[in-house]
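Residue strings, one per chain:
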Protein chains: 2
Amino acid sequence: MLRTHTCGELRLSNKEREVTLCGWVQKSRDLGGMTFIDMRDRYGITQLVFNMETNAGLCNKARKIGREYVICSTGIVNERSNKNLNIPTGEIEIEVKEFKVLNESEVPPFTIEEKTDGGEELRMKFRYLDLRRKPVKKNIILRYEMAREVRKYLDSKDFIEVETPALIKSTPEGARDFVVPSRLKAGEFYALPQSPQTFKQLLMISGFDKYFQLVKCFRDEDFRADRQPEFTQIDCEMSFVERNDILETFEGLAKHLFLEIKDFDYTDAFPRLLYSEAIEKYGTDKPDTRFEMLIQDITELAKGKGFKVFDSVEYIGGICVKGGAGYSRKELDTLTDFVRKPQIGAAGLIYVKLNNDGTVKSSVDKFFNEEELKKWASNMDGKNGDLLLVLAGERKKTLYALSKLRLEMGEKLKLIDKNTFAPLWIVDFPLLEWDDETHRYHAMHHPFTSAIMDDHHLFVTDPGKIRANAYDLVINGVEIGGGSIRIHDKQEQAEMFRLLGFSDEEAEKQFGFLMNAFKYGAPPHGGIAFGFDRWVALFGGSDSIRDYIAFPKNTAGRDVMIDTPSVLSDEQLRELSLKVVNK
Amino acid sequence: MLRTHTCGELRLSNKEREVTLCGWVQKSRDLGGMTFIDMRDRYGITQLVFNMETNAGLCNKARKIGREYVICSTGIVNERSNKNLNIPTGEIEIEVKEFKVLNESEVPPFTIEEKTDGGEELRMKFRYLDLRRKPVKKNIILRYEMAREVRKYLDSKDFIEVETPALIKSTPEGARDFVVPSRLKAGEFYALPQSPQTFKQLLMISGFDKYFQLVKCFRDEDFRADRQPEFTQIDCEMSFVERNDILETFEGLAKHLFLEIKDFDYTDAFPRLLYSEAIEKYGTDKPDTRFEMLIQDITELAKGKGFKVFDSVEYIGGICVKGGAGYSRKELDTLTDFVRKPQIGAAGLIYVKLNNDGTVKSSVDKFFNEEELKKWASNMDGKNGDLLLVLAGERKKTLYALSKLRLEMGEKLKLIDKNTFAPLWIVDFPLLEWDDETHRYHAMHHPFTSAIMDDHHLFVTDPGKIRANAYDLVINGVEIGGGSIRIHDKQEQAEMFRLLGFSDEEAEKQFGFLMNAFKYGAPPHGGIAFGFDRWVALFGGSDSIRDYIAFPKNTAGRDVMIDTPSVLSDEQLRELSLKVVNK
């Protein structure tokens, strides 16, 4: 090695030792007779010292080097007179005897500091420089440590990591596949996997019993802030299990990560909430349970009292803002604007102030008397001094708007402890969703999800009511993962495909290999897949998964650093028997 | 869990315990009043016993189930009267009190046994059944264990696994890229990586210091027996290193795997052989050093003695077969046929028998007298009783043919100990290869490989003679991995691109981001990449990497199980702005 130590490891105990360090110039300062250089590598920062009096030549040489130069310095570890106790190496410095420039650097296009002056676009183009910044580097290291701990835990539970293929078959179902033209077989294509779902099920049929894989998956969708064309899943499957076995196993994984990565010792069982309850109480299947403020249904109380806005709607519900009775007109207007945003979608906001003196003031005083409003309050656990916020409309949409209003109020009132984690399982999702456009059912999870045993009779009578044996892990309002107990019976699988509008031929063409496999002894099995990027982002304290990917694509799916996608040569297209045409 | 134990864990110490096991029916035997079923899962096989006398109903039910049925059985652990000491569970059996069929199975298309009656094609189509067979399952588990140990070792050495992108940019250089059309950007394409080479170099420039990744790579070539369109690399890179640091670090990895996986304690330093020596002594840069039989150059001795075949050639060399003087005419003819095969390419074989009585008999007695032939013998370390085999021709081709002849003789004479490992490093490869077709140099490793410092003057005078600072790890004649110290200076990199015939524009277009990155403080760095599939195959004792991949493609690049590649719908093609045309 060109060095004897890293820039993060020297301490007072190394005093008087001769060492050689390599790294980048973070900054340098000339203070009269002394020059100080902060030298950086992956492991930390160490201060170098050059003394004009004792070695003017070396000191002058040091004064010429700029930021981000790569240097190699040999010297003696000294105790600092001016200690910096904010960094582990802050008690020592290196009195340099000799140094050389390993490589020069032009002035970087933005500062390589904790907080940089570079804009998003510029930092993406020079991602390799942005990765030098401590907050970005830390994210990538966090990602590695989480991956390592995932593997350690699953290995300890007898799981085996098996690589499934990346060049698979395109299925017209679901979100869009990326495809890969075959050169050997003109006109034919592979597809990149959106998930290794069918392969992990085949591995269960093969008897692998407990499988996992940290695996790249691909989805050619419009890329929102938290989506990337390529993303990483922690993909898992187990045989001879019931739902509870899976929840316990992966609750164990989450607890292991809480403890090892966040030093957060969560010992209780994770709460389990029915999908229907989650929607009713939080308006969403991804509730942030770090604070209460549950949604209350007051449809029965408020409907049919002569207020037209309410009388015509399916659902009326609200939340109780503790201590909010004093909200000003302006504050209430801001909240009304909030719920009326197109992405929230409410028509308006009704408020009821439960004043401290026991009086009630609302925006619907004309239609409801105090007694009626106090019934709302009692129903919504409103006390004197609280504020009730009520929305009305189509049930699903109104609950959605209430879920957003609840989060907004949680943020506003600082009810959300950013330093805690509130995990829970959501269970008993609907198996099917009716799609008005195509006039048929879609699988809410995927077509391999089994129904809850008690609901099997509904296949004929009322498929929309069937509950799936499916579950999601939600932490702090973020869906971290989801899975299900799978169908392992070929009849049931065929029935499901029929329900989803597949002809027998289509089912055979797309999933024939799986249906075939079911003939030869498929064990009962189930699994789960976690969005690894999102889990890392959650632990890192950010909403954007992009910050946790070494070389991400932008929201247009473009890697601006290497400038791709890009055009192919005519020769390459000819080799692939392809021609680019207009849409 | 549906079970209390696996089929691999019960022992005599569990005697009299009530247990529930799940698994597949391996086989069943009716012996008069008793029925025995061998039940299999990932962990082992356990014998179930049904007694006609004590429970005729259950026994009759058991007699109806076939091979590969999935069953769940509850019973008592008993000591066997007839112990099978070949399996860990062979001292006990389960006296079944209750069992149910979890899933039925049709008769599988081939037997699920150690040795099967199924042909290659059939087993590929039903890969999920082939994976149930012990030798195949074992391979996949070996692969997992190796991956786990690779990660464990590299983590202990402070390496960080970083995921690099799978959707990158196509480069016309080198073997062929798989490409991925972009839907959002009509007419543009991503490419799948042949290796993450440039990304790992960027990570060094970012200061990640020690990187690794077990990563899928892709190459659209004609797929020979040991090639797959997708394969897995152990990709590694380090900063602030010299060659020796890399060799020592990864020699450590190989020794860790030898010890943990093969229980083979290799404590010596791996031999290091110059590329030029490897070619001279073994005829190949992938020598199998488990046996000697080195090639000797006798050009000086044998040329210019009036034997026209020799006088016109560049090179004459041979090997000495110990104790081979007694070879019959027929055996020698077989060897002649061997070297004449098109894939070996020699014109003929010359032999010299050094008889036990001190006389010499050769196929060139007319042209060389005994004294001359004895000089050959002395040069080739031939003793009485030995046989010299000599080839002549163009140097490179003849050495290649000799390397194949050496291996053939090693096999034939059983000189190769299949239970040992002979690792070595090959170093100092040529940097460039002249290509007669394109009339320019090609990079032997890749264009980012640095030259050995002493050879820098040859860039101008004789580029073909420059030695690269590159190295391969070879074990038992198999190239397991290779790497180099990289160029980290932008001038040197530009010079290299020019030498390889890139115009400055082409270099900029393809590798501009890397050249640009070199401007901002690139550290000295180097790395290595191992062919993981091949390493697993070597440890598993097979030549074919396909046996160590859960779902491999066949030699036509096709997955016959899922039947891909396949055609896309017109709608999908339209979405991608593509049309399939004839070549």
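Residues numbered from 1 in each chain as written. Chains lettered and ligands numbered in written order. Predicted model: local features only at pLDDT ≥ 70, side-chain atom pairs only at ≥ 80, totals over all residues. Heavy atoms only, no water.

Is there a simple way to think about the domain arrangement of chain A in this case?
One frequently used descriptor of interface size is the decrease in accessible area upon assembly of the parts. For chain A, the domain assignment lists domain 1 (12-103), domain 2 (134-267 + 529-575), domain 3 (291-412) and domain 4 (423-513). A separation of 63 Å is found between the C-alpha centroids of domain 1 of chain A and domain 4 of chain A. (Domains from an automatic or database assignment.)

Even after reading the chapter, I still don't get the pairing of strand E1 (residues 18-31) of chain A, so can you show me in this structure?
Residues in a regular strand project their side chains so that they alternate between the two faces of the sheet. Residue and element names in this part refer to chain A. The pairing of E1 with strand E4 (residues 70-79) spans seven bridges and is antiparallel. From the neighbouring strand, Leu 21 faces E4, where its bridge partner is Ser 73. Here E1 pairs with strand E2 (residues 34-41) via seven bridges, running antiparallel. Looking at the pairing, Ser 28 lines up with Ile 37 of E2. (Pairing = 2+ DSSP bridges. Helix = DSSP H or I, 4+ residues; strand = E, 2+ residues; numbered from the N terminus.)

Could you clarify how one ought to interpret the packing of aromatic side chains in this entry?
Given two aromatic rings, one states the distance between the centres and the angle between the planes to describe the pair. Throughout the structure, instances matching the rule amount to 68 aromatic pairs over all chains. On the basis of an interplanar angle of 85° and a centroid distance of 6.0 Å, the ring pair of Tyr 190 of chain A and Phe 178 of chain B is categorised as edge-to-face. Here Tyr 190 of chain A, found in strand E8 (residues 189-191), pairs with Phe 178 of chain B, found in the loop between strand E6 (160-161) and strand E7 (179-181), and the two come from separate chains. For the pair shown, Tyr 190 of chain A and Phe 178 of chain B are each scored as buried. For the ring pair Phe 310 of chain B and Phe 368 of chain B, a centre distance of 5.9 Å and an interplane angle of 45° mean the geometry is tilted. Highlighted residues: Phe 310 of chain B in helix H9 (residues 308-311) and Phe 368 of chain B in the loop between strand E15 (360-362) and helix H11 (370-379), separated in sequence by 58 residues. Assigned by exposure class, Phe 310 of chain B and Phe 368 of chain B land together as buried. Three or more aromatic residues joined by ring pairs make a cluster, and in this case those are Phe 159, Phe 250, Phe 258, Phe 264, Tyr 266, Phe 270, Phe 421, Phe 530, Trp 535 and Phe 539 of chain A. Across from the ring centre of Phe 99 of chain A, 4.7 Å away, lies the NZ or CZ of Lys 61 of chain A, which sits over that ring. (Phe/Tyr/Trp six-rings, centres within 6.5 Å; stacked < 30°, edge-to-face > 60°. Buried < 20%, exposed > 50% of the residue type's maximum accessible area, 1.4 Å probe, protein only. Lys NZ or Arg CZ within 6 Å of the ring centre and 35° of its normal.)

Sorry, what's going on with the relation of the copies chain B and chain A here?
Rotating chain B by 180° and translating it 0.0 Å along the rotation axis places it on chain A, where the RMSD comes to 0.1 Å. As the rotation angle and translation indicate, the two copies are arranged about a two-fold axis. When you check the interface residues of chain B against chain A, 100% turn up at the interface there too, and the contact is symmetric in its surfaces. (Least-squares fit on C-alpha atoms with pLDDT ≥ 70 in both. Contact = heavy atoms within 4.5 Å.)

Could you clarify how one ought to interpret the sheet that holds strand E17 (residues 423-427) of chain B in this entry?
Strands in a sheet are paired, the pairing made by backbone hydrogen bonds, and the direction either parallel or antiparallel. Residues and elements named next belong to chain B. Pairing in this open sheet of eight strands is mixed, and the strands run E6-E9-E10-E22-E21-E20-E17-E11 from one edge to the other. The sheet terminates laterally at E6 and strand E11 (272-274), the two strands that pair on one side only. Bridge count between strand E9 (residues 210-218) and strand E10 (residues 230-239): nine bridges; the pairing is antiparallel. From the neighbouring strand, Lys 210 faces E10, where its bridge partner is Met 238.

Hey, could you run me through the side chain of Arg 183 of chain A in this one?
Here Arg 183 of chain A lies in the loop between strand E7 (179-181) and E8. Within polar-contact distance, the side chain of Arg 183 of chain A engages the backbone oxygen of Asp 220 of chain B at 2.5 Å. (Polar contact = N/O pair within 3.5 Å; in protein donor to acceptor, adjacent residues only side chain to side chain.)

What exactly am I supposed to notice about unusual backbone geometry here?
Where the residue is not glycine, phi is negative for most of them; where a peptide bond is considered, it is trans in most cases. A cis amide bond links Thr 564 of chain A to the next residue, Pro 565 of chain A, at an omega of 5°. Looking at where Pro 565 of chain A falls in the secondary structure, it is placed in the loop between helix H16 (532-540) and helix H17 (570-575). Positioned with a positive phi, Asp 563 of chain A is a non-glycine residue whose angle comes to about 60°. Despite not being glycine, Glu 68 of chain B has its phi angle at roughly 70°, a positive value. Position of Glu 68 of chain B relative to the elements: it lies in the loop between helix H1 (56-63) and strand E4 (70-79). Of the residues examined, Glu 68 of chain B reaches a relative accessible area of 2% and is grouped as buried.

Can you walk me through the pattern of salt bridges in this structure?
Side chains that carry opposite charge are capable of pairing whenever their charged atoms lie near each other. Residues and elements named next belong to chain B. According to the stated counting rule, one finds 96 salt bridges over all chains in the structure shown. Notably, a salt bridge pairs Arg 183 with Glu 575, separated by 3.8 Å at the nearest N-O pair. Here Glu 575 lies in helix H17 (residues 570-575) and Arg 183 lies in the loop between E7 and strand E8 (189-191), a separation of 392 residues in the sequence. Across the pair, exposure class does not vary: Arg 183 and Glu 575 are buried alike. (Salt bridge = Lys/Arg side-chain N within 4 Å of Asp/Glu carboxyl O.)

What am I meant to see in the interface of chain B and chain A here?
With 120 residues of chain B in contact, the opposing surface of chain A contributes 121 residues. For the chain B and chain A pair, buried surface summed over both sides reaches about 11,200 Å², with 59% attributable to carbon and sulfur atoms. Our count for the chain B to chain A interface comes out at 14 salt bridges. One salt bridge connects Glu 161 of chain A with Arg 151 of chain B, and the closest N-O pair in it is separated by 3.6 Å. Remark: the boundary between chain B and chain A carries 67 residue pairs in polar contact (both at pLDDT 80 or more). The biggest single contributor to the side of chain B that touches chain A is helix H4 (residues 134-156) of chain B, with eight residues. Looking at the side of chain B that touches chain A residue by residue, the class counts come to 65 nonpolar, 19 polar and 36 charged. For strand E23 (residues 578-580) of chain A and strand E23 (residues 578-580) of chain B, the ladder comprises three bridges, and the chain directions are antiparallel. Of the residues in E23 of chain B, the one forming a bridge with Leu 578 of chain A is Val 580 of chain B. (Buried area = accessible area lost by both parts, 1.4 Å probe. Nonpolar A, V, L, I, M, F, W, Y, C, P; charged D, E, K, R; others polar.)

Where do I start with the sheet that holds E4 of chain A in this structure?
Residues and elements named next belong to chain A. Spatial ordering of the closed barrel is given by E1-E2-E3-E5-E4, a layout of five strands whose pairing is mixed. On average, each strand axis in the sheet is inclined to that of its neighbour by 55°, with strand direction left out of account. In this fold helix H1 (residues 56-63) packs onto E1, E2, strand E3 (44-51) and strand E5 (92-103), with an angle of close to 60° to the strand it touches most, E5. (Axes fitted to C-alpha atoms, helices over the stretch in contact; angles between N-to-C directions.)

Can you help me understand the environment of Ser 206 of chain A in this one?
With respect to the helices and strands, the residue Ser 206 of chain A is situated in the loop between helix H5 (197-205) and strand E9 (210-218). Note on Ser 206 of chain A: relative accessible area 3%, which makes it buried. It is 25 Å that separates the C-alpha atoms of Ser 206 of chain A and Glu 506 of chain A, two residues lying 300 residues apart in sequence. Setting aside its immediate chain neighbours within four residues, Ser 206 of chain A contacts Tyr 128, Leu 131 and Arg 132 of chain B.

Just to check I follow, could you spell out the side chain of Ser 450 of chain A for this structure?
All names here are of chain A. If you trace the backbone, Ser 450 turns up in the loop between strand E19 (440-443) and helix H13 (458-461). A relative accessible area of 7% means that Ser 450 is categorised as buried. One polar contact links the side chain of Ser 450 to the main-chain carbonyl oxygen of Ile 485, over a distance of 2.8 Å.

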